[in-house]
Amino acid sequence: MAMTPTSIAIPHEQTTAVPAPARTSVRTILVKILALAFLGSLFVPLIGAWRHWDFAGASNENRRLAAIPLLPRTFKDAGRYTDRWLSFYRDHFGLRNTLIHAVAVSRFHGLGADTDGNVIIGKDGWLFFRPDGDHDLIAFRGLNPLSDDELTAWQNLLEKRNAWLASKGIPFLVVIPPDKQTIYPEYLPPEYQRLRPQSRLDQLVERLRQTHSPVRFIDLRAALLAAKPSGILYHKTDTHWNDSGAFVGYSVIIQAVRELLPKWNIIPQTRDDFFHGPLHPEVGDLAKMMDMPDQYPDQGFQLIRKIPFTIPSTLMDRNEIAVQDLNDPTKPRLVFYRDSFGIGLAQLLGPHFGRIAYAFYYEMNPAFILGEKPDLVIDEFLERNLYIAPPTDPPEIRHFNER
């Protein structure tokens with residue numbers, strides 16, 4: 001029997017319709033935006049350096065920023081050209097100061113601390129400097145006094161200087177302005193208050209007195225503490241004394257100068273010789289260190305001499321000698337070793353001398369002193385220098401009268 005083919009119906013597979021993918025998902029858009037933003041951020045600093053983009057304005061750093069390098073003229077210059085460009089770019093890339101300020105503010109408000117560790121935030125908007133050698137004010141609080149060897153080293157430094165100058169017939173005067181926290185400890189946080197009354201400056205003064213040292217030494221603390229009721233003597237947001245504080249110091253110094261130079265008939269200036277300038281906004285160096293001048297505003301004034309007296313513009317330069325020569329033989333000559341506190345004394349002491357050589361150095365230079373032929377040498381350095389080792393003078397002074 002013949003078989004007839006039968007057709008078997010194969011069922012069709014059921015298929016579900018897949019919707020066409022959207023042209024661009026939200027995630028893809030976000031990825032592209034982030035990628036573009038990232039690429040843009042790479043070029044913003046470069047373009048900003050060219051276009052001088054910076055919402056925060058000028059830098060608050062207490063240094064000179066790197067200048068754009070000149071084209072090299074020698075192979076030696078060419079070898080350093082790349083490094084100089086990198087230094088320039090680091091100091092000038094776009095939005096640099098804005099970013100630094102933002103980090104400073106966010107760290108301060110987030111951590112309640114200063115941004116670089118060199119500033120103590122005190123009460124009522126007062127700022128204090130953490131000195132080298134006493135970063136946590138251990139010595140200031142009386143917990144790390146000078147050892148006997150350290151005291152002897154400081155005494156030897158001053159007495160050797162005094163003896164060498166005396167051998168040349170030159171009087172010598174030592175002046176140590178006190179740190180701001182010494183005069184205004186009430187504005188320090190409680191954890192930085194003194195625990196023992198004797199400071200390193202107290203130790204040095206006592207040593208010189210007990211040993212009947214020939215060094216003529218001026219301690220300005222008593223005069224400054226006595227003058228506190230008359231007005232603020234130090235800047236609230238700066239390490240230095242203001243013009244009022246400098247004038248108090250000058251008033252003590254000039255009396256000692258008159259005693260050391262009796263033949264010159266020096267007449268001290270009084271406050272009546274000055275105008276009290278108007279209050280004006282100012283930015284202290286401690287607020288600059290924190291890059292937060294807007295968070296710590298301050299006000300200052302100037303004592304303006306009624307008879308104008310110009311001081312050298314280079315007094316701010318460290319490790320430099322600034323000379324003020326009035327070419328007046330009727331007045332004595334002065335070599336003034338000093339630090340930044342000496343700037344406030346310049347317009348006060350300056351009119352009394354025919355020539356002043358201001359030396360922003362801590363070591364004494366015998367050749368320089370002899371070349372100036374001074375009638376007096378003043379050595380002014382801040383109290384906080386007693387927290388570090390004394391400077392090392394040249395052998396001519398350091399080993400004077402040694403056999």
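What counts and how
- Residues numbered from 1 in each chain as written.
- Predicted model: local features only at pLDDT ≥ 70, side-chain atom pairs only at ≥ 80, totals over all residues.
- Heavy atoms only, no water.
- Phe/Tyr/Trp six-rings, centres within 6.5 Å; stacked < 30°, edge-to-face > 60°.
- Helix = DSSP H or I, 4+ residues; strand = E, 2+ residues; numbered from the N terminus.
- Buried < 20%, exposed > 50% of the residue type's maximum accessible area, 1.4 Å probe, protein only.
- Lys NZ or Arg CZ within 6 Å of the ring centre and 35° of its normal.
- 1 Å grid on protein atoms, 1.4 Å probe; cavity = no way out; pocket = protein on both sides within 12 Å on 5 of 7 lines; lining within 4 Å.
- Points joined across faces, edges and corners; volume = space filled by probe spheres on them.
- Nonpolar A, V, L, I, M, F, W, Y, C, P; charged D, E, K, R; others polar.
- Expected span 1.5 Å × (residues − 1).
- Polar contact = N/O pair within 3.5 Å; in protein donor to acceptor, adjacent residues only side chain to side chain.
- Pairing = 2+ DSSP bridges.
- Right-handed = clockwise from strand over helix to strand, strands pointing away.

Considerations on the packing of aromatic side chains
Taken as a whole, this structure holds twelve aromatic pairs when the rule is applied. Between the aromatic rings of Phe-247 and Tyr-250, the centroid separation amounts to 5.5 Å while the plane-to-plane angle is 50 degrees, which identifies the pairing as tilted. With a gap of three residues between them, Phe-247 and Tyr-250 both fall in helix H8 (residues 243–260), about one helical turn apart. Judged on exposure class, the residue Phe-247 and its partner Tyr-250 are both buried. Taken together through their ring pairs, the aromatic side chains of Trp-126, Phe-128, Tyr-184, Tyr-187, Tyr-234, Trp-241 and Phe-341 make up a single cluster. In this structure, Arg-194 is placed above the aromatic ring of Phe-140, and the distance from its NZ or CZ to the ring centre is 4.2 Å. Just above the ring of Phe-275 sits the side chain of Lys-306; from NZ or CZ to the centre is 5.4 Å.

Some details on empty space enclosed by the protein
Tallied over the full model, the rule gives two cavities of 30 Å³ or more. The space that makes up the largest cavity amounts to roughly 80 Å³. Grouping the constituent residues of the lining of the largest cavity by class yields five nonpolar, two polar and four charged.

Some words on H8
Helix length check: H8 (18 residues) gives 25 Å between terminal C-alpha atoms against 26 Å at 1.5 Å per residue, within 8%. Those residues of H8 that fall on the buried side of the exposure criterion are Asp-243, Ser-244, Gly-245, Ala-246, Phe-247, Val-248, Gly-249, Tyr-250, Ile-253, Ile-254, Ala-256 and Val-257. With a side-chain oxygen lying 3.0 Å from the backbone nitrogen of Ser-244, the N-terminal cap of H8 falls on Asn-242.

Some words on the pairing of strand E10 (residues 333–337)
In terms of residue burial, E10 counts as a mostly covered element, since four of its five residues are buried. Where E10 lies against strand E11 (residues 355–359), five bridges are found, and the strand directions are parallel. The partner of Tyr-337 across the bridge, within E11, is Ala-359. This β-α-β element, E10 to helix H10 (residues 343–349) to E11, shows right-handed connectivity. Looking at chain direction, E10 and strand E12 (residues 376–380) are connected through four bridges and run parallel. Looking across to E12, one finds that Val-335 is bridged to Val-377.

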